[in-house]
Each structure stands twice: as C-alpha cells, then as structure tokens.
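# Fold and contact review
Residues per chain, in single letters:
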Amino acid sequence: LDLQQLKTHNPQMAFSSLRGHERAAACASFMYSRTGKRCADILYAMDRASGRKMARELEKASSAQSLFPVVEKYPPFSSLSIERVVIADEAFELVTHALRTRPSLVTLELVTCGLTTPELTALFEVLASQKTLTSLTLTGNPLGGPGMQHLAIALRTNRALQVLRLNATELNVEDIEALSHGVSAESTVTTLILDTQKLTGCGPAIARIITTLKTLTTLSLNTTQLALADVQCIAEALKASKSLNVLRLGQNELDEKSAAAIADALRINNSLSNLDLHENKIGNNGTRHIAEALIGNFSIRILNLHDNEITTDKALAALLRANTPLAELKLVGNHLGGGEALVDALRGNGSLTAICLSSRLLSADARAALVKVVSDSPSLLTAAIDFTAYSRDDAAAMGSTLRRNLENEGFADTKPAREIPLSH
C-alpha cells in the first residue's frame, strides 16, 4: 500500500477490503502517517497473523506506550522480525518489553534497523538473563565498540542463545577479541555468522571461539578478507574441534597456501561435514591439497569449490574414484580442463547425490559422456549442469533419472519439471 494514498484517502476505506496481516500492515502505515514513528510496524512484525480485531485496536493507539496493553491482550508469539526500519527510542521499548514479558519469544531479528548504542545496551542487558530466546539476528547494524562489549558481557551469563547472526555489523579485531572472551564452555551457541566485514587479523580470536565453544556446529566467515595467517589459526583450531560441522570461507581470495593449511586440518578433523570455499583462488594446487586430504577423510559430505580458477580435473577425479562419503560437489565456474576425467570418475561413484558443473565449460566429449552418466546413475538426486547445453531428448533422459531417484528416496510428490523452450 502506498503511504501517500493512506494519508490522502479515508484510512477506514483502505482497511475495509483487507484481511488478516494485510490489514495490520495497512494499519502500520496509517500509524506512521499519524505519529511519524513506526511503532505499529514493530507490533505488526511481532505477530503477522494478528487479525482484524488487533488491527482495529492498533488504529486507536497513538504512541508506543499506548500499544503495550494491546501487546499483552493477544496470544503469545514466538518470532519478532523487523527489517530495514529505523526504530525510534520510544518504539524500541516494545522490543525489550517483548523480551522481558513474552516467554514464548524464541526468535528475534533486527535487520538494518540503525540500532544506537543505548538501544543495543538495553537489548543486551535483557539478553543477559533471558532464558527462552534461542536465535538473535542483528545483521546490518553497527555493533563495533561499546555494542560488542555489552554483547560479550551478556553472553557470559546467557545459557539459552543458540543462533547468533552478526554479519555486516562493522566488527574489527578488538570486537572479535571481546566476543571470544564473552563465550565460554558453558555457552550454548551452535551457529555463528560473521559474514561481510573486514576481519583481517582476527584469526587468533576466531580460533579461540572454535576452541572454547564446545557446542559450535556452524561458523560462517564468507567475505571477511581473511589473511593467510588467519586461515592458519582457524585450521589449527579445526584440528582439535569435535563439534564443528559447517565451515564457510567463501569469497576471501584464499590461495593454494590457505588451501594447504585447511587440507592439513582435514587430515585430522573428523567432525566437519560441509566445507564451503566458493569464489576463492585456490587453483589447481590448492584443489589437489584438498582432494588428497579428503581421500582419507570420512566426514566431509558437501564440498563447494565453485569459481576457484580450477583448470584441471585430475585431483577431483581421483577423489571421486576413491568413493569417499562425499555426497555433494559444487564446481560451477571452473574450466576443469575439459572435464573428461571427472565425468569418467562419476561413472563409478556410488555416493554422490548432487553435482554442480558448468556444462558449457566442458568439452563436447565430456558433455556427451555426462548424459550417459547422469541417465544411468542410481544415486544422483540433483544435477545443476545447465540443461540448456543439451538437446531436449538428452535433458529429458537425465531429468527422468533424477525424478526416479528422488521418488525412490521418498520424494513421491516431486513434480515433473516444466518444459522450457530451448531458445531460453
């Protein structure tokens, strides 16, 4: 709904044709036009299924304080999500109020809300003793400095939080140091997302987090400008980790030396199941280091190497022939030297369920062989291989096999792929 229309037309007419959360959304815009504050936006986000009755009460409210009673009257909500709304201090009281009074609240998402230091301080003070919130997302808010200091203090006593998303929050070395001292062996965090910020020099602190957090299963460090020394610290911590399942290091311009450090860790670690190195520069030598390490590794099931300047497929072919437990291999954007050896290795592999390749970067012989391999495969469930590079009959044969395999795995409701004109 257009805010200007709500300002110039009768709001009741605008609301009358709407139902459920749409009505609440319209009410939120009307509240903004009346008060200049997005109080109702926050309340609408608290419970999108609030319905018409709640919306009517919101229409009568004129400030954050008058919205509190409305919050209390309606059934418990488990999720509060606010995105790209700059929250006024008065309106932010609704957030902390919900955390204090709603034991049902388990997920809080405040994405790009322009949170100020006082607001962050108030939030983390509540978080310190909060016992039900399990997921906190603060993506896009500047947390560096005092904000992170207060979060670290809260984490020392919090024993409920499991998912912490701090991507694009302008953190630096001092902030990650504070975070590493805030978590402890008693912390319950299982997922930590730190993507999209400059973390050069944070290797020792990140390693301390991996070592200290015995519950950590997922660590995401995509696009964080990690240096070789940082990766080496992380790799050393990975050797001792018994809990980490997912490690994402994509878009960090990692080279073959970084790949070698990770490979050394893979020879020892037996907990990691998903390694994401997409859009780096590990090249042929780095790929060889990783592939050779995985031949003796029986825990990695997902390997993402797409766009890594790989121009030969020999090491990857050897990995597939070794029949490791590898189930998903992502190689989009790599030339692979034609790919003949890789496709031949796929023929005898019985563990792979998903393969991602740039078919147009394969040789004509490799593309032709891939049709036969996919069409005969008893295990492949997903093949992201640019089907427009094939004739309609070849694409149909491969699609039929994938559908059959999916059905055999219990995906009986899988719908046939729609036909796409080859010109597309």
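Thresholds, definitions, all that
Residues numbered from 1 in each chain as written. Predicted model: local features only at pLDDT ≥ 70, side-chain atom pairs only at ≥ 80, totals over all residues. Heavy atoms only, no water. Helix = DSSP H or I, 4+ residues; strand = E, 2+ residues; numbered from the N terminus. Buried < 20%, exposed > 50% of the residue type's maximum accessible area, 1.4 Å probe, protein only. Contact = heavy atoms within 4.5 Å. Areas by Shrake-Rupley, 256 points an atom, 1.4 Å probe, with all protein chains shown as cover. Pairing = 2+ DSSP bridges. Right-handed = clockwise from strand over helix to strand, strands pointing away. Polar contact = N/O pair within 3.5 Å; in protein donor to acceptor, adjacent residues only side chain to side chain. Axes fitted to C-alpha atoms, helices over the stretch in contact; angles between N-to-C directions. Parallel < 35°, antiparallel > 145°, perpendicular 65-115°, else oblique. Nonpolar A, V, L, I, M, F, W, Y, C, P; charged D, E, K, R; others polar. Core = buried A, V, L, I, M, F, W, Y, C linked by side-chain atoms within 4.5 Å.

Attention now goes to the overall build of the protein. Along the backbone of the protein there are 18 helices and 12 strands. Counting over 424 residues, the protein shows a buried share of 51%. Pairs at least 24 apart in sequence give 80% of the contacts found in the protein among residues at least 6 apart. Of the roughly 18800 Å² of accessible surface on the protein, 51% is carried by carbon and sulfur atoms.

Moving on, we get to the pairing of strand β2 (residues 107–111). Strand residues, when the strand is regular, have side chains that alternate between the two faces of the sheet. For β2, a buried count of 4 out of 5 residues is recorded, marking the element as mostly surrounded by other parts of the structure. The sheet contact formed by strand β1 (residues 79–83) and β2 spans 5 bridges and is parallel. Bridging across to β2, Ile82 finds its partner in Leu110. Regarding the hand of the β-α-β motif, the stretch spanning β2, helix α8 (residues 117–129) and strand β3 (residues 135–137) is right-handed.

Turning to its location among the elements, Gln232 is positioned in helix α12 (residues 228–240). Each C-alpha atom of the pair Gln232 and Ser258 lies 7.0 Å from the other, and the pair is 26 residues apart in sequence.

All of the buried residues along helix α13 (residues 256–266) are Ser258, Ala259, Ala261, Ile262, Ala263, Ala265 and Leu266. The elements touched by buried residues of α13 are α12, β8 (274–276) and α14 (283–295). Its side-chain oxygen at 3.1 Å from the backbone nitrogen of Lys257, Asp255 defines the N-terminal cap of α13.

Here we take up the packing of helix α16 (residues 340–347) against helix α17 (residues 364–376). At a minimum axis distance of 9 Å, the contact between α16 and α17 shows a crossing angle of 10°. The angle between the axes of α16 and α17 places the two elements in the roughly parallel class. Every residue of α17 that contacts α16 at Glu340, Val343, Leu346 and Arg347 is listed here: Ala366, Ala369, Leu370, Lys372 and Val373. Its residues placed into classes, the contact of α16 with α17 shows 6 nonpolar, no polar and 3 charged.

In this section: the packing of α13 against α14. At a minimum axis separation of 8 Å, α13 and α14 run at an interaxial angle of 5°. The orientation of α13 relative to α14 falls into the category roughly parallel. From α13, Glu256, Ala259, Ala260, Ile262, Ala263 and Leu266 reach across to α14, where they touch Asn285, Gly286, His289, Ile290, Ala293 and Leu294.

Time to look at helix α15 (residues 314–321). Burial in α15 covers these residues: Ala315, Leu316, Ala317, Leu319 and Leu320. Where α15 is buried, its residues meet α14, β9 (302–304), β10 (328–330) and α16.

Our next topic: the nonpolar core. The tendency in soluble globular proteins is for nonpolar side chains to be buried as a group. Core analysis: the biggest nonpolar cluster contains 104 residues, and Leu110 and Leu166 have the highest contact counts within it. Apart from residues lying up to four places away in sequence, Leu110 is in contact with Ile82, Phe92, Val95, Leu115, Leu123, Thr137, Leu138, Thr139 and Asn141.

Reading across from one edge, β1-β2-β3-β4-β5-β6-β7-β8-β9-β10-β11-β12 is the order of the 12 strands in this open sheet, with parallel pairing throughout. Of all strands in the sheet, those bounded by a partner on one side alone are β1 and β12 (382–384). Across the sheet, the mean angle from the axis of one strand to that of its neighbour is 0°, orientation sign disregarded.

Our next topic: the side chain of Ser220. Tracing the sequence through the fold places Ser220 in strand β6 (residues 218–220). Sequence-distant contacts of Ser220, defined by excluding residues within four places in its chain, comprise Leu192, Ile193, Leu194, Asp195 and Arg248.

For the rest of this paragraph, the subject is unusual backbone geometry. For Thr112, which is not glycine, the phi dihedral falls at a positive 50°. Along the chain, the position of Thr112 falls in the loop between β2 and α8. For Thr112, a relative accessible area of 35% gives the class partly exposed. A positive phi angle, near 55°, is found at Asp386, a position not held by glycine. Position of Asp386 relative to the elements: it lies in the loop between β12 and α18 (392–408).

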